[in-house]
Amino acid sequence: MYKLIYCCCCLLLIVTTQLSAKLMRVEELTNGWSLREKGSDTFISVPKIPSGVYTALEKTYGDLQAPGNDINLRWIANRTWIYNITFDLPDELSVDSLVNLTLHGIDTVAKIWLNGELLGSTDNMFVRYSFVVGHVLQSNGPNLLEIELLSPLEQANALAEQSLQLGNPPSCPASRGDVECHRNMLRKMQMSFGGAWHPAALSLGIWKPVTIEYYTVAILRNVDVALKRNSTHWTMDCRAFVDTADAEQFHAQLVVYASELLPEPVEFEPQLLSYSSAMLEFQLHIPKDNVELWWPNGYGAQILYPVLFSLKCYRGEEQPSLMSRTESKQLLNIGFRTIELVEDEDAYGRSFYFRVNDQPIFMKGVNYVPADILPELAADTDTLQYLLQAAKDAHMNMIRVWGGGLYESDAFYDLTDAYGLLVWQDMTYVKAVYPVDDVHMTSMRLEAAQNAQRIGYRASLALMVTNSEIELYLAENHTDFGTEAARLAAEYKMLFIDNISEELNILAKPRAGPMLSTPSLGIAESGDKLAQNPQDPKYGDVHFYDEDMLPAVWNIYPEARFVSSFGYASLPMRSAWLHVLGKDATEKRLVELINQRQHNPEGFVAMLQLMEKQLPPLLSWEKHIDKFVYFSQVSQALTTKLAVELFRSRRSQHRTMGALIWQLNDVWLAPTASCIDFYGNYKLVYYWARDFLAPIGIMAIYNEANDQINITITREDYVSNGDMQVYDVIINTYLWNDIFVKKQIARAVPLGANSMDFLKIPMESVLYEKHSKHEIFLELLLKDKEEEIVARNYFYPVPIKDIVGMRDPKLQLDVIGLDCSNRVAPFENNFSLRITVHSPALFVYVELNHPEYMNFTHSFSMNGFTQTVPRQIVHLEFVNNSECLTLNASHFSVRTMNQYIK
């Protein structure tokens, strides 16, 4: 698909060269920057932009990710830093050109100087700033650009002093580790100030490109496209957003090229636009037969069509000269789909589900945090592709971009479009009260407008939400706020309803949202009064983190309509911790690092209690680190699997229609709820997710009150003709001391596309002879008409710690690889691990411990699995292909739960 799009784009660009006007010129100031502390004459070379002060100083003062450096390097955020670059003007520059200096992302409070003249300042890292600089530029010599970055700590504290005088409550993240307060005072990535699972890292820098733009009148910045469909055509309802530095009206002529959709370019009549609100509204009508639908992952293909918008702007009635740079372009890849957020009254309250192309879809997904705590590193294309490909491979179809992070890069949304990952986009406000003075309000409105206009057309964009957990924050603290509660509620409505929501509503309809907050009662239940209980499970969405309830049993979960955030913490594997420690690794330093990186205010209490509920005793984790890591990952995987399977089993009648795990990725190596650690290592919960999120699944939940097993068979896909198929449900009973099946039950179940069925099996019917449920476990298989296994699951009737009769499986591991002596680069470093057992092995966990290779990005075909066959092949694949790797059995450590159960 990428090749197809690229070729089409080339053809489109060739066609557009025939236009009479010249294209605006954009020069990106990428190389040649330097950095110094204000007042210092010592310059540090900056390899390229984007950049940040922490990354620029890494070689001098150390990596922020190194042990203790989140604290040791905090002084950087207390200083003022200056980036500077010199550049020359192009030889050819039209006499009627305007020139902009455009800063696409400055983190955060800065003063901008050009040739010694102050152009202006920035105070919002999520806003694009443009300055007209033609009158300041020197044509006969180098131009000096300086960006003076002020201390974010000093700025936040100064603004907090003013805010506190108005009675606003302070905002300090809850954390056992060091954090900084007053994050709500700056329009900056909120997680920069630290929190319960991430470090404080008050970044500052140039986190997006800096460009010089040469043009005549105006620039086409963004095009928003909303899609409507009738019986014969798709209508592209478009709004083109134009920037101009002129203070007068101008003419604009638009041409649209879509060779795969329309036989000819569409040329619109010139329009007269106002400089104060420069926007073009227009429609394109595409015959339905010309279009293939875009589908979420698992439901069909992700077809994208390139559409080029070319805008020519000029001042007078006459066409501009051929030398005038009057033309600017935007190339969009459009996916044709309809998407609705359905909120209908029903017997359970009010529904809350997404309907795509008229199909109700259960959202299986994950919450996404920035790929790095330093925003200039968060858009690394390789990292984004690795993480989002992992989400796709695990059958996920929705990503929630969390409000404590960023509006992600264009590369991120390119990938979500290409992979069919629907995006739930939070605006960057989270669990605090924000200032509503005129200066802040103007900046926040601009932030909302610019970012909505940039991503609004995306096929993957499902919903925009103006904030994360602020409505819940106000409800939970209503009593503590006392007489200020009414004022804070009024200011909340002023900011998010009257301003930010209104800015989002400028986008063309139809589209879902905007929704006010998450969790919430949804859009339909929103009104003048804030919800007293935004977590009401009968409406909207909920977040679930009630650690006191120890979620190891199914009946503690709310029967919510949509669970947009839930998760449980675990530790990354040993090799990842050793990666952080480097050559100085010792057991003592490892314990110290794990403790220092635990920022949850309760420490390890919740994690240990959850393990205690399910697994054998862990008396002292400091003395048994490998056991602690293993147990934490098994516990996280067990609990997440149970929750997801329960939520999926409630899909009938749209009772529960979404489960988004907290969280996919991480910003540092720490005990967190990530499925993939900071270095890209999959935790067991990710390996398991590839099974418990599969579109065809068989799930079992024990109903203790009735002593029965509730089995759900689900199929989540789309076939236009219904595609009814008959599947065989097979339930195999095993004893823990024998690898052979002792008893089997079989049922035939008909199942159509996007449907489900249920079985209730009495516990006594699966028991074998006189053995109790403590001595058995079940293998659940789903076979199609060709007798192929399409789904497999395991059911353990009792907590793992209460299993009786388990044996040592006498596990043996052998490595099968290729001979490096006759191979040439690039190398396919793939290995097969042959694992042999003599009795069932529970949660077989394999970890690479080769001192040189363990830090290479790699993954197993399965991990943490239950082995019920004498021989199992596990494939190991490395990303590294520059050298030939050699491995043997000694380079792996293997654990099973058998060794801990007596």
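If you're wondering where the values come from, they're calculated on a predicted model, not measured in any experiment.

Undergrad: Whenever I open this one, the overall build of the protein confuses me. Can you help?
TA: The secondary structure content of the protein amounts to 16 helices and 47 strands. Taking 902 residues into account, the globule formula puts the C-alpha radius of gyration at 29 Å, and the protein, at 29 Å, falls close to it. Counting only C-alpha atoms and orienting by the principal axes, one finds that the protein spans roughly 95 × 75 × 65 Å. Scored against the burial criterion, the 902 residues of the protein give a buried share of 60%. Here the contacts in the protein between residues at least 6 apart in sequence split such that 72% fall between residues at least 24 apart.

Undergrad: Explanation requested: the sheet that holds strand β32 (residues 563-566) in the structure shown.
TA: The strands that make up a sheet are held in pairs by hydrogen bonds between backbone atoms, and each pair lies either parallel or antiparallel. Across the sheet, which stays open at both edges, the 7 strands sit in the order β30-β29-β28-β27-β33-β32-β31 with parallel pairing between neighbours. Two strands in the sheet have a free side with no partner beyond their single neighbour: β30 (461-465) and β31 (542-544). Here the average twist between neighbouring strands, direction ignored, is 20 degrees. Direction of pairing for strand β29 (residues 422-426) relative to β30: parallel, over a ladder of 4 bridges. Across the sheet, D426 pairs through a bridge with V465, a residue of β30. Taken strand by strand, helix α7 (residues 410-419) contacts β27 (363-368), β28 (398-401) and β29, and its axis lies near 145 degrees from that of β29.

Undergrad: Sorry if this is basic, but what is going on with the sheet that holds strand β12 (residues 205-206) here?
TA: One open sheet holds the 3 strands; their spatial order is β4-β12-β7, and the pairing between them is antiparallel. Both edges of this open sheet fall to β4 (51-52) and β7 (106-107), since each of them pairs with a single strand only. Pairing analysis gives 2 bridges linking β7 to β12, with the strands arranged antiparallel. Within β12, the residue paired with D107 across the bridge is G205.

Undergrad: Explanation requested: the pairing of strand β9 (residues 117-122) in the structure shown.
TA: Regular strands show a simple pattern: their side chains alternate between the two faces of the sheet. In this structure, strand β8 (residues 110-114) lies alongside β9, joined through 5 bridges in antiparallel fashion. Bridge pairing in β9 places W113 opposite L118. Linking β8 to β9, which pair antiparallel, is a turn of 2 residues; within it N115 sits at a positive phi near 50 degrees.

Undergrad: Explain the packing of aromatic side chains here, please?
TA: Where two aromatic rings form a pair, the distance of their centres and the angle of their planes describe that pair. Taken as a whole, this structure holds 48 aromatic pairs when the rule is applied. Their ring planes at 10 degrees and their centres at 5.2 Å tell us that Y734 and F777 sit as a pair that is stacked. Residue Y734 is located in strand β36 (residues 725-735), and its partner F777 is located in strand β39 (residues 776-783); the two are separated by 43 residues in the primary sequence. Comparing Y734 with F777 shows no difference in burial state: the two are buried.

Undergrad: For this particular structure, what's the right way to read the environment of I286?
TA: Relative to the assigned elements, I286 resides in strand β19 (residues 279-287). Setting aside its immediate chain neighbours within four residues, I286 contacts T232, H233, W234, M236, L261, L262, V291 and F336.

Undergrad: Can you help me understand helix α16 (residues 684-692) in this one?
TA: Every α-helix winds through 3.6 residues per turn, so residues three or four apart in the chain are directed the same way. With 8 of 9 residues buried, α16 is to be regarded as a mostly interior element. Inspection of α16 places L684, V685, Y686, Y687, W688, A689, R690 and F692 among the buried residues, and these make up the whole buried set. Against the buried residues of α16 lie α6 (381-393), α15 (625-649), β33 (658-661), β43 (841-848) and β44 (858-860).

Undergrad: Please clarify how the environment of L406 should be interpreted in this entry.
TA: The topology assignment puts L406 in the loop between β28 and α7. Along the primary structure L406 and N505 are separated by 99 residues, whereas in three dimensions their C-alpha atoms are 21 Å apart. Among all residues touching L406, those that are not within four sequence positions of it are M125, F126, M189, W207, P370, P375, A378, V401, Q425 and T428.

Undergrad: What's the story with the state of the cysteines in this structure? I'm lost.
TA: Each disulfide is one covalent bond, formed between the sulfur atoms of two cysteines. For the coordinates displayed, the defined rule picks out 2 disulfides. Between the sulfur atoms of C172 and its disulfide mate C181 the distance is 1.8 Å. Across the disulfide from C172 to C181, rotation about the S-S bond amounts to roughly 110 degrees, and the bridge is consequently right-handed. Given the relative accessible area of 24%, C181 is considered partly exposed. Disulfide partner of C820: C884, at an S-S distance of 2.0 Å. Judged by the sign of its S-S torsion, about -85 degrees, the bond between C820 and C884 is left-handed. Of this pair, C820 sits in the loop between β41 (812-816) and β42 (830-836) while C884 sits in the loop between β46 (871-878) and β47 (892-895), placing them 64 residues apart in sequence. We classify C884 as buried; its relative accessible area is 17%. With cysteine numbering restricted to those in disulfides and following the sequence, the protein has the pairing 1-2, 3-4.

Undergrad: Before we go on, may I ask you to explain the pattern of salt bridges in this structure?
TA: Two side chains carrying opposite charge are able to pair once their charged atoms lie near each other. Following the criterion strictly, the structure yields 40 salt bridges and no others. Across the pair E37 and R79 runs a salt bridge, and its minimum N-O distance is 3.1 Å. In this pair, E37 sits in strand β2 (residues 33-37) while R79 sits in the loop between α4 (69-72) and β5 (81-87), placing the two residues 42 residues apart along the sequence. Look at E37 and you get partly exposed, because its relative accessible area is 24%.

Undergrad: Looking at this structure, I do not really get the packing of α15 against α16. What am I missing?
TA: The contact between α15 and α16 brings their axes to 8 Å, and the two run at 25 degrees. Taken together, the axes of α15 and α16 are roughly parallel relative to one another. Remark: the crossing between α15 and α16 carries right-handed chirality. For the pair formed by α15 and α16, the contact residues are Q633, V634, Q636, A637, L638, T640, K641, V644, E645 and R648 on the first element and L684, V685, W688 and F692 on the second. Here the residues of the contact of α15 with α16 are counted per class, giving 8 nonpolar, 3 polar and 3 charged.

Undergrad: Can you help me understand the side chain of N297 in this one?
TA: Position of N297 relative to the elements: it lies in the loop between β19 and β20 (305-314). Under the relative-accessibility criterion, N297 is labelled buried at 11%. Non-local contacts of N297, meaning those with residues more than four positions away in its chain, are made with Q302, K392, H395, M396, N397, Y419 and G420.

Undergrad: Quick question: what am I supposed to make of the nonpolar core here?
TA: Nonpolar side chains tend to gather and get buried jointly when the protein is soluble and globular. Membership of the largest hydrophobic core comes to 204 residues, with the highest contact counts inside it found for W33, Y83, L145, I147 and M897. Sort the elements by how many residues they give to this core and α15 lands first, with 12 residues. Residue contacts for W33: discarding those within four places in its chain leaves I44, S45, V46, I49, Y83, N84, I85, L145, I147, I206 and V210. Formed by 36 residues, the second largest nonpolar core is a distinct cluster that contains M236, V242, L284 and Y457.

Procedures and definitions
Residues numbered from 1 in each chain as written. Predicted model: local features only at pLDDT ≥ 70, side-chain atom pairs only at ≥ 80, totals over all residues. Heavy atoms only, no water. Helix = DSSP H or I, 4+ residues; strand = E, 2+ residues; numbered from the N terminus. Rg over C-alpha atoms; globule rule 2.2 N^0.38 Å. Buried < 20%, exposed > 50% of the residue type's maximum accessible area, 1.4 Å probe, protein only. Contact = heavy atoms within 4.5 Å. Pairing = 2+ DSSP bridges. Axes fitted to C-alpha atoms, helices over the stretch in contact; angles between N-to-C directions. Phe/Tyr/Trp six-rings, centres within 6.5 Å; stacked < 30°, edge-to-face > 60°. Disulfide = S-S within 2.5 Å. Salt bridge = Lys/Arg side-chain N within 4 Å of Asp/Glu carboxyl O. Parallel < 35°, antiparallel > 145°, perpendicular 65-115°, else oblique. Left-handed = near helix turned anticlockwise from the far one by under 90°. Nonpolar A, V, L, I, M, F, W, Y, C, P; charged D, E, K, R; others polar. Core = buried A, V, L, I, M, F, W, Y, C linked by side-chain atoms within 4.5 Å.

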